[in-house]
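Structure at a glance
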Amino acid sequence: MTTTPFKDRARIDAVDKVRGATAYAADIPVPGMLYAMLVPSLVAKGRIATLHVEDAVSVPGVVRILTPDDFPPPPEPVRFPNADAPPTLHRDIAFRGQPIALVVAETLEAATEGAERVAATFETQPFAATKRSALAVREEARPTAFGDAEAALAQATMTVDVEYESPAQHHNPIELISTTAVWTDGRLTIYEGTQFASGIKEVVARILRIDPGIVDVKSPSVGGAFGQKGWVQQQTAIIARAAMLLGRPVKLVTPRGQIFHLAKFRPNSTHRIRLGADAAGKMTGVHYVADQQQSRRGTFPPDYHAGPTRLYGIRNYYGGGVDYRIDTQPPGHMRAPHEHPACFAFECAVDELAYGLGADPVDFRIANDTRVDPQNGRPLSSRHLNECLSRGAQRFGWSKRTPKPGSMRAADGSLVGWGVASGIYPALVTATVATLRISTDGTTRFATTHHEFGQGIKTAIGAVLLDGLEIDAAKLDIVLGDTTVAPQQITAGSWGTFSVVPTAALAVERMRAAISELLAGRQFSGTIHQQLAAIRRPFLTVDVSLLGPGQDAAALERLRRGQYAIAGPTFPEFTAMSYIAHFVEVQVEPTTRRIRMPRVVSVADCGRVVSPRTAVSQVRGGVVWAFGAALREATEVDPRFGGFLNNDLVDYVVPVNADIGEIEVDFINEPDPVANSVGVKGLGEVAMVGASAAIVNAIFHATGKRLRKLPVRIEHLLQVPIP
C-alpha cells in the first residue's frame with residue numbers, strides 16, 4: 001500500500017456550482033410538466049371521515065385531486081422500513097402533517113390554492129405528543145454488556161452519575177425534498193434528490209404493484225441530505241401514481257413547513273451515565289442508558305451507547321436503550337445519528353470525571369487509550385486518537401490554559417473557556433460495482449454505486465482516477481445515483497468513500513492491465529485516449545465489483561435487488577473506526593452572557609485523506625453544525641395538537657457566519673493498513689462528533705457551570721454568578 005499523500009485538487013463540481021450550472025432533481029426540465037401540492041392532516045391521530053374536494057377542483061388550472069381512493073391497497077403483509085404506514089395516501093392518520101390528498105395543476109400557484117381549499121373532517125383519537133405523555137408506551141431495547149459494570153463502579157475511586165438531554169432537531173438542507181415523475185411508453189422515471197435511488201425503485205414498484213424493471217431513478221446531485229434523504233420519502237409513490245394516472249410529468253417541491261412533519265428527524269434523547277475511574281486515573285466501568293422519542297412503529301434504534309463502547313479502553317460496560325412510542329412521524333438518521341448526542345453526553349461526563357480527579361482533561365483521555373475493541377477483543381485496524389489529542393493540544397496552545405473554571409479572561413473582560421472532547425464513528429463499507437470507459441474522443445466515464453450530495457465523493461473518485469491514469473481531467477464524467485447505469489446502494493454512514501474509492505482504485509488497476517495487454521509491448525506517447533487512437537480502438541471498458549472485508553457474493557446480490565449490502569465496523573479479523581479530537585475556545589460576555597466561539601482546532605484520524613479539499617470542508621461543516629446543535633437548534637413540539645411549532649428557518653435557529661470564528665483543521669493522514677487497498681476510512685459523520693461536547697466543556701471552564709441540556713441558551717447562564 002502506498003502512503004504518498006494525495007494532491008489537494010479542486011472540487012470536480014466547484015465551477016458548475018459557483019456558476020449555477022449544477023442540475024438538481026427539481027431542475028430537470030420535462031415538457032408538459034404539471035405541478036403538485038400535498039394536503040396535510042391537521043390532526044395527530046385518527047381517521048379521515050370526509051374529504052371535500054369540490055371547492056379545490058373549481059380553482060382554474062387544477063387538473064386532478066388524488067385521494068386515498070386513487071391508490072390500490074398495499075400488498076400484504078405490508079411493512080416498509082421505519083414507516084408507521086405505507087408511504088402513500090390512506091385514511092388512517094398516524095401523525096400530524098401526514099398527506100391526505102394531492103392537488104395537481106398546470107401551475108404551482110393553482111396547485112397551492114387548490115390544496116388550501118381541500119376540506120376534511122376527522123374521527124380523532126387521543127394521542128401522545130411527547131415521550132412524557134400519558135399515552136406514550138415505554139419499550140426497552142436489548143442491552144449491550146461486557147465485563148461487570150456494577151462491580152467496577154462500586155470499587156471505583158471516583159464516580160459521576162449524571163443525566164444529559166439532547167433535543168429533537170431537523171436537518172434543513174438547502175435543497176427541499178422534491179420528486180418529478182415521468183410515465184412514458186410503459187416506463188416510470190423518477191428524478192429525486194436521494195441517498196438511495198435503488199431503494200426508491202424497489203419500494204415505489206412495490207407500493208404501485210408494478211415491475212421494478214420498468215422503474216428508473218435518477219438523482220443527479222443532492223443539495224444536502226445528512227440522512228434526511230436516506231429513506232423512501234412519503235411523497236414519492238404519490239407523485240409517481242399521479243404521473244401514471246394523468247399521462248403527464250408531475251413535479252412536487254415540498255414546502256419546508258411540510259418537510260418538518262414528513263421527513264425523518266433527530267429524536268429527543270435523554271442519557272443517564274454512571275462513569276467510574278480508579279486512583280490511577282483509569283476509567284474502569286460505565287453504566288449508560290439512553291431513551292428517545294419514537295413513533296408507534298418506527299425502527300430507528302436507541303443504540304446511543306454503541307459509540308462510547310469503543311471510545312476508550314473501558315473493560316466493564318453496560319449500555320441500554322429505551323423507546324417511548326408516541327404519535328409522530330418516525331425519527332431517523334441525522335448526521336452522526338447516535339454518536340453526536342451520545343458523545344455530547346459521554347464526553348461531558350468524561351470531562352466531569354477528569355475534573356473530579358483533578359486531572360487535565362487531555363491527559364486523562366490519553367491515559368485511557370486502547371489498541372483493541374473493548375467489546376470483542378479484536379484488534380483495531382488503526383487508531384490514532386491519542387495523536388489527534390496531542391497534535392490538537394499543541395496547535396491549540398492547551399498548555400497555556402489555567403485549569404480553574406472562571407480563571408481566564410479576554411481583553412474585553414469576557415470569560416474565556418477552553419474545552420476538549422473526542423469523537424468516534426464506525427468505519428462501514430458496502431458492496432460496490434463500477435464501469436470505467438475511456439474513449440479516443442478524450443472522454444472518460446466512471447459509473448458506479450453511490451450518490452453525490454455535496455460531500456465530495458465525485459472529487460474523491462476523481463483523485464484516484466487522475467492519479468492512476470493518464471486521462472483528460474476536463475472530460476472526466478463521474479455518474480452516480482442513477483439506477484440505469486449501476487445498482488445504487490444507500491450512501492450514508494460515511495461509507496461512501498470507504499466503499500467506492502477502493503473500487504475506483506481497482507478499476508484503475510484493471511484498466512492499466514487492459515491497456516498493457518492491448519498495446520502488447522508497443523510504445524505510444526500521450527494520454528490513454530491518444531494511445532487508443534493510435535491502435536484504432538474507439539474505447540476501452542472495464543467492469544469491476546468489490547466486496548468489503550468478510551462479505552461474499554450474497555452482498556452483491558442484495559445490492560442488485562436494492563437492499564442493504566453493508567458491513568462493519570466489526571469485521572472477521574478486526575474492528576475499524578474513525579476518530580477526531582476537538583479543541584474549542586468560547587467567550588462569554590459577562591453582562592448578557594452571550595456566547596461566542598472565536599476559534600476551534602479539530603484533528604481527525606480517518607485513514608488516508610484522498611481529497612484534502614473536501615475533507616477540510618467536511619470537518620468545518622461538522623463543527624459549524626455542532627455549534628448549532630450546542631447553542632441554537634431545537635425543534636419545539638406542540639403538545640396540544642401534535643406536530644412541530646417552529647417549522648421554518650425563521651423560528652428554527654441555525655448558525656450564521658457571524659457565529660463562527662476560525663476553524664483550524666488537521667489530519668493524521670496515516671493509511672489504515674488493513675481496512676482496504678487505499679487505506680481510507682470515513683470522515684463526514686465523525687467530523688461533527690464530540691464538537692458539541694467540547695463547546696459545552698468550554699462553557700463550564702469559562703463559567704464554572706455544568707450545563708447538561710442542549711441547546712445552551714443565554715437564559716441558562718443569566719443566573720450563574722460571575723467567578
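Residues numbered from 1 in each chain as written. Predicted model: local features only at pLDDT ≥ 70, side-chain atom pairs only at ≥ 80, totals over all residues. Heavy atoms only, no water.

On to the side chain of His451. With respect to the helices, strands and loops of the structure, His451 is situated in the loop between strand 21 (444-448) and helix 11 (457-468). In this structure the side chain of His451 is engaged in a polar contact, spanning 2.8 Å, whose partner is the side chain of Thr491. Leaving out residues up to four positions away in the same chain, His451 has contacts with Thr194, Gln195, Phe196, Ala197, Ser219, Ile457, Leu480, Gly481, Gln488, Gln489 and Thr491. (Helix = DSSP H or I, 4+ residues; strand = E, 2+ residues; numbered from the N terminus. Polar contact = N/O pair within 3.5 Å; in protein donor to acceptor, adjacent residues only side chain to side chain. Contact = heavy atoms within 4.5 Å.)

Bringing the nonpolar core into the picture now. Here is a general trend for soluble globular proteins: nonpolar side chains tend to be buried in one another's company. Residues Leu275, Tyr288, Phe346 and Phe583 are the most contacted members of the largest nonpolar core, which totals 88 residues. Examining the composition of this core, we find that 10 residues originate from one element, helix 8 (residues 339-357), more than from any other. With 36 residues, the next largest nonpolar core counts Ile461, Ile471, Ala507 and Leu540 among its residues. (Core = buried A, V, L, I, M, F, W, Y, C linked by side-chain atoms within 4.5 Å. Buried < 20%, exposed > 50% of the residue type's maximum accessible area, 1.4 Å probe, protein only.)

Here helix 16 (residues 691-703) spans 19 Å end to end across 13 residues, near enough to the 18 Å set by a 1.5 Å rise per residue. With respect to burial, helix 16 is a largely interior element, 13 of its 13 residues being buried. Gly704, located one to two residues past helix 16, shows a positive phi value of around 80°. (Expected span 1.5 Å × (residues − 1).)

Let us now look at the environment of Phe196. Position of Phe196 among the secondary structure elements: in the loop between strand 11 (187-191) and helix 5 (197-208). Residue classification places Phe196 among the buried positions, given a relative accessible area of 8%. Put simply, Phe196 and Gln489 are 293 residues apart on the chain and 6.1 Å apart in space, counted from C-alpha to C-alpha. What Phe196 contacts, discounting residues up to four positions off in sequence, is Lys229, Gly230, His451, Gln488, Gln489, Ile490, Gly562 and Tyr564.

Judged by how many residues are buried, strand 10 (residues 178-184) sits mostly within the fold: 5 of 7 residues are covered. Here 4 bridges tie strand 10 to strand 13 (residues 250-253), and the two strands are oriented antiparallel to one another. Bridge pairing links Ala181 to Val250 in strand 13. Sheet analysis places strand 10 next to strand 11, joined by 5 bridges and oriented antiparallel. Following the sheet pairing, Val182 is matched in strand 11 by Thr189. Between strand 10 and strand 11, which pair antiparallel one after the other, the connecting turn spans 2 residues, and Asp185 there sits at a positive phi close to 50°. (Pairing = 2+ DSSP bridges.)

With that settled, the discussion passes to the packing of helix 11 against helix 12 (residues 495-519). Running from N to C, helix 11 and helix 12 point in directions that differ by 25°, and their axes come no closer than 9 Å. Compared by their axis directions, helix 11 and helix 12 come out roughly parallel. Note on packing geometry: the crossing formed by helix 11 with helix 12 is right-handed. The segment helix 11 lies against helix 12, with Ile457, Ala460, Ile461, Val464, Leu465 and Gly468 engaging Gly496, Thr497, Val500, Val501, Ala504, Ala505, Val508 and Arg512. (Axes fitted to C-alpha atoms, helices over the stretch in contact; angles between N-to-C directions. Parallel < 35°, antiparallel > 145°, perpendicular 65-115°, else oblique. Left-handed = near helix turned anticlockwise from the far one by under 90°.)

Per the stated rule, a full pass over the model turns up 12 aromatic pairs. Taking 4.9 Å as the distance between ring centres and 85° as the angle between the ring planes, the aromatic pair formed by Phe226 and Trp625 counts as edge-to-face. With Phe226 in the loop between strand 12 (215-218) and helix 6 (236-246) and Trp625 in helix 15 (residues 612-631), this pair connects stretches of sequence that are 399 residues apart. Judged by its relative accessible area of 10%, Trp625 falls in the buried class. Seen from their ring centres, Phe571 and Phe574 are 5.1 Å apart, and the 40° between their planes marks the pair as tilted. Across the pair, Phe574 and Phe571 agree in class, each one buried. Through successive ring pairs, a cluster of aromatic residues spans Phe396, Trp398, Trp418 and Phe583. Residue placement shows Arg437 over the ring face of Phe539; its charged tip is 3.6 Å from the ring centre. (Phe/Tyr/Trp six-rings, centres within 6.5 Å; stacked < 30°, edge-to-face > 60°. Lys NZ or Arg CZ within 6 Å of the ring centre and 35° of its normal.)

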